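# Structural characterization, general
For reference, the chains in residue letters:
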Amino acid sequence: MGGSNFGYGLVLIITASCMLAVSTANKDWQFGFNNHWPPHKGGSHHPKYRQAAPNKVIVGGSEGWHFNFSYTNWAFKNGPFYLNDTLVFKYDPPTDNTTIPHSVYLLQNLRSFITCNLTGAEMLADVTEGGGQGFEYVLKNWKPHYFACGQHDGIHCSLGQMKFFVVPMPRWFK
């Protein structure tokens, strides 16, 4: 029993470290002698470091939200994400027996994300809300957000790779 607790703890630590690494990847930290330290009052004078407006990002890009696409890889390639960015989930609502229905759930924690456990998860969008302009979710809190498709008791999450997480960074971190 102690070994499995150690294993879970190790997985949680490694995953949290990876999340932090992904969140801070490709940052231009400006260390060295020419970093304009201390910055002048009112923030950075360099245009690259001015706070930009929030982004609206379509989850999956042109692929949208569908079965058998690696959204974890997509999030890694399209990150980092920032506070107040909007994620747009676009998927076809069920119209007949040929359309596979999808939904969007916000999972509680890393363990439920890894296991695709929907117990206690919050349904953000049902099978009809992804059509048209899509369902929008604003990243308002600086914490991990674990998203998954909840259809067929999490099968789309576990077998179809319809899950990803983001840790939105403060915009000044850009």
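A brief report on the enclosed structure follows. Throughout this description, residue numbers start from 1 for each chain and increase along the sequence as written. It should be noted that, the model being predicted, local features are given only for residues of pLDDT at least 70 and side-chain atom pairs only at 80 or more, the latter also being counted only at that level, while totals for whole chains, interfaces and linings use all residues. Processing note: side-chain calculations cover all non-hydrogen atoms of the structure and skip hydrogens and water entirely.

Each helix is a run of H or I in the DSSP string that is no shorter than four residues. Each strand is a run of E no shorter than two, and both are numbered from the N terminus. Across its full length, the chain holds four helices and seven strands. Burial classes: relative accessible area under 20% of the type maximum marks a residue as buried, over 50% as exposed, and values in between as partly exposed (1.4 Å probe, protein chains only). Expressed as a percentage of the 174 residues in the chain, the buried residues total 36%. Within the chain, contacts between residues at least 6 apart in sequence are counted, and of these 71% link residues at least 24 apart. Here the chain displays about 10700 Å² of accessible surface, and carbon together with sulfur accounts for 57% of that area. By the convention used here, residues are in contact when the closest approach between their heavy atoms is within 4.5 Å. Only the protein chains shown count as cover for residues, and the accessible areas themselves come from Shrake-Rupley with a 1.4 Å probe.

Right, let's talk about the sheet that holds strand E7 (residues 163-166) for a bit. Here we have four strands laid out as an open sheet, ordered E4-E3-E6-E7, and antiparallel in their pairing. Of all strands in the sheet, those with a lone pairing partner are strand E4 (122-125) and E7, marking the two edges. Averaged over all neighbouring strand pairs, the angle between strand axes comes to 30°, with direction disregarded. With three bridges connecting them, strand E3 (residues 104-107) and strand E6 (residues 145-148) associate as antiparallel partners. Note on E6: the bridge partner recorded for Leu106 is Phe147. Pairing between strands requires that DSSP locate at least two bridges from one strand to the other. Working convention: axes come from line fits to C-alpha atoms, limited for helices to the stretch in contact. Angles between N-to-C directions cover 0 to 180 degrees.

The next thing to look at is the sheet that holds strand E5 (residues 135-138). One open sheet holds the three strands; their spatial order is E1-E2-E5, and the pairing between them is mixed. Two strands close off the open sheet at either side, each with one partner strand: strand E1 (56-58) and E5. Each strand of the sheet is rotated relative to its neighbour by a mean of 25°, with strand direction disregarded.

With that settled, consider helix H2 (residues 71-78). Taken together, the buried positions of H2 are occupied by Tyr71, Trp74 and Ala75. Seen from one end, H2 has its buried residues packed into an arc of 95°, which puts them on one side. Relative to its buried face, H2 has exposed residues pointing more than 90 degrees away, namely Phe76 and Lys77. Check the buried side of H2 and you find it contacts E1 and E7. Our arc is simply the arc of the directions from the helix axis toward the C-beta atoms.

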